[in-house]
Amino acid sequence: MTTYLDFEKPLAEIEGKAEELRAMARQSEGMDVEAEAAALDRKAAEMLRDLYKSLTPWRKCQVARHPDRPHCRDYISALFTEYTPLAGDRNFADDHAVMGGLARFQDRPVVVIGHEKGHDTKTRIERNFGMARPEGYRKAVRLMDMADRFNLPVITLVDTPGAYPGKGAEERGQSEAIARSTEKCLQIGVPLISIIIGEGGSGGAVAFATADRLAMLEHAIYSVISPEGCASILWKDSEKMREAAEALRLTAQDLNKLGVCDQVIKEPLGGAQRDKPATIDEVGRAIAQMLEQLSVIDRKALIAGRRRKYLDMGAKGLAA
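Bear in mind the structure is a predicted one, so any value in this text is a computation, not a measurement. (Residues numbered from 1 in each chain as written. Predicted model: local features only at pLDDT ≥ 70, side-chain atom pairs only at ≥ 80, totals over all residues. Heavy atoms only, no water.)

J.: Before we go on, may I ask you to explain the environment of Glu116 in this structure?
T.: Take Glu116: it is sitting in the loop between β3 (108-115) and α5 (121-126). On the basis of relative accessible area, Glu116 is assigned to the buried category, the value being 1%. Not counting residues within four places of it along the chain, the set of residues in contact with Glu116 comprises His71, Cys72, Arg73, His96, Ala97, Met99, Arg127 and Gly130. Looking at Glu116, its side chain comes within polar contact range of the main-chain nitrogen of Arg73, at 2.9 Å. (Helix = DSSP H or I, 4+ residues; strand = E, 2+ residues; numbered from the N terminus. Buried < 20%, exposed > 50% of the residue type's maximum accessible area, 1.4 Å probe, protein only. Contact = heavy atoms within 4.5 Å. Polar contact = N/O pair within 3.5 Å; in protein donor to acceptor, adjacent residues only side chain to side chain.)

J.: What's the story with the packing of aromatic side chains in this structure? I'm lost.
T.: The geometry of two aromatic rings is summed up by the distance between their centres and the angle between their planes. Going through the model one piece at a time under the given rule, you end up with 3 aromatic pairs. Of note, Arg133 hangs over the ring of Tyr164, and the distance from its end group to the ring centre comes to 4.7 Å. (Phe/Tyr/Trp six-rings, centres within 6.5 Å; stacked < 30°, edge-to-face > 60°. Lys NZ or Arg CZ within 6 Å of the ring centre and 35° of its normal.)

J.: Just checking my understanding: could you explain the side chain of Thr251 for this structure?
T.: Relative to the elements of secondary structure, Thr251 occurs in the loop between α11 (241-248) and α12 (252-258). The class for Thr251 is buried, based on a relative accessible area of 5%. Beyond its immediate stretch of four places on either side in the chain, Thr251 contacts Pro57, Lys60, Met216 and Ala220.

J.: Please explain the nonpolar core as it appears in this structure.
T.: In summary, soluble globular proteins display a tendency toward joint burial of nonpolar side chains. Core analysis: the biggest nonpolar cluster contains 63 residues, and Phe80, Ile113, Val154, Ile195 and Tyr222 have the highest contact counts within it. Per-element tally for this core: the top contributor is helix α13 (residues 276-295), with 8 residues. When neighbours within four sequence positions are excluded, Phe80 is seen to be in contact with Tyr75, Ala103, Arg104, Phe105, Val110, Val112 and Ile155. Among the nonpolar cores identified, the runner-up in size contains 14 residues, and Ala18, Ala44, Tyr52 and Leu55 belong to it. (Core = buried A, V, L, I, M, F, W, Y, C linked by side-chain atoms within 4.5 Å.)

J.: It is not clear to me how the side chain of His219 should be interpreted in this structure. Could you clarify?
T.: Relative to the helices and strands, His219 resides in the loop between β6 (213-217) and β7 (221-223). The exposure class assigned to His219 is buried, which follows from its relative accessible area of 3%. Within the local environment of His219, its side chain forms a polar contact with the side chain of Lys60, the two groups lying 2.9 Å apart.

J.: Got a minute to help me understand the state of the cysteines in this structure?
T.: Defined simply, a disulfide is a covalent bond joining two cysteines at their sulfur atoms. Within the structure shown, the criterion is met by 0 disulfides. Cys72 takes part in no disulfide bond, and the closest cysteine sulfur, belonging to Cys185, lies 15 Å away. Left without a disulfide partner, Cys230 is nearest to the cysteine sulfur of Cys61, which lies 11 Å away. (Disulfide = S-S within 2.5 Å.)

J.: Would you explain unusual backbone geometry in this entry?
T.: When glycine is set aside, most residues are seen to have a negative phi, and most peptide bonds are trans. Of note, the phi angle at Gln106 is positive, near 50 degrees, even though the residue is not glycine. Positionally, Gln106 belongs in the loop between β2 (98-105) and β3.

J.: I would appreciate a short explanation of the environment of Ala288 in the present structure.
T.: Take Ala288: it is sitting in helix α13. Given the relative accessible area of 18%, Ala288 is considered buried. Ignoring sequence-local partners within four residues, the contact set of Ala288 consists of Phe105 and Gln106.

Structure follows, in structure tokens:
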């Protein structure tokens, strides 16, 4: 069953009517409704193009959070072979919001790490809705250390509302764990590629996305704070999230102009959720291209270039 966002309700009505007609025809032999249903399909396709032609930043936030978008496990299943998950931070526990391990990408050994939100109520609770705890970031540090030791490229898939803000996470050093993961991203001497496949929320995303190359899906978002959180702080009113989304410059297109995002990966019309295989294929092509570019750069140059990228970003500022 298709899940529709608030702004897609008119589209839901038209597509629903077309499906109702076809359901009636299946129950009544001899009933010919195909011409009428096809007309509704054309109208729905035109409406879909109009809706997605110029999405506002807030609508892009809604699309980025769509529950039917492909998640980390979908990309790993489709793009990587011989995936061997590795668990635990060797200190406290295994964080199910972060999945990662050894794999092959186009027959090349790599380490893949990503946030996993879950796909239904049970798995969303198990995965903590993609909000990692300190042990998740420490697991990522352990995997990046291993990748550096064995000269394996690291690919990260970012999709999180932010790091988990619970009492236990704070007691176990959440901010320190995020800082250590970000630091490790800057230290490893192997290619590091990060793809923001949905939400890139705050330090929880930065901890995986301080990469040589950062790509974002067309309707993904990347921001220091959620629009709702920003609105609550600035205006003491979370309902002003639309204004906050505009001000935060969190879309892939804005961040590409600002130099934060290196590449915007096109999504199918209507968002990644409408054609998961096509989206995953596009991401695979982008990873292959970036990996080829980075593979010819030696260890010292990779570390220096990555460090310089982020120092320059801070020196120039992002006002534009």
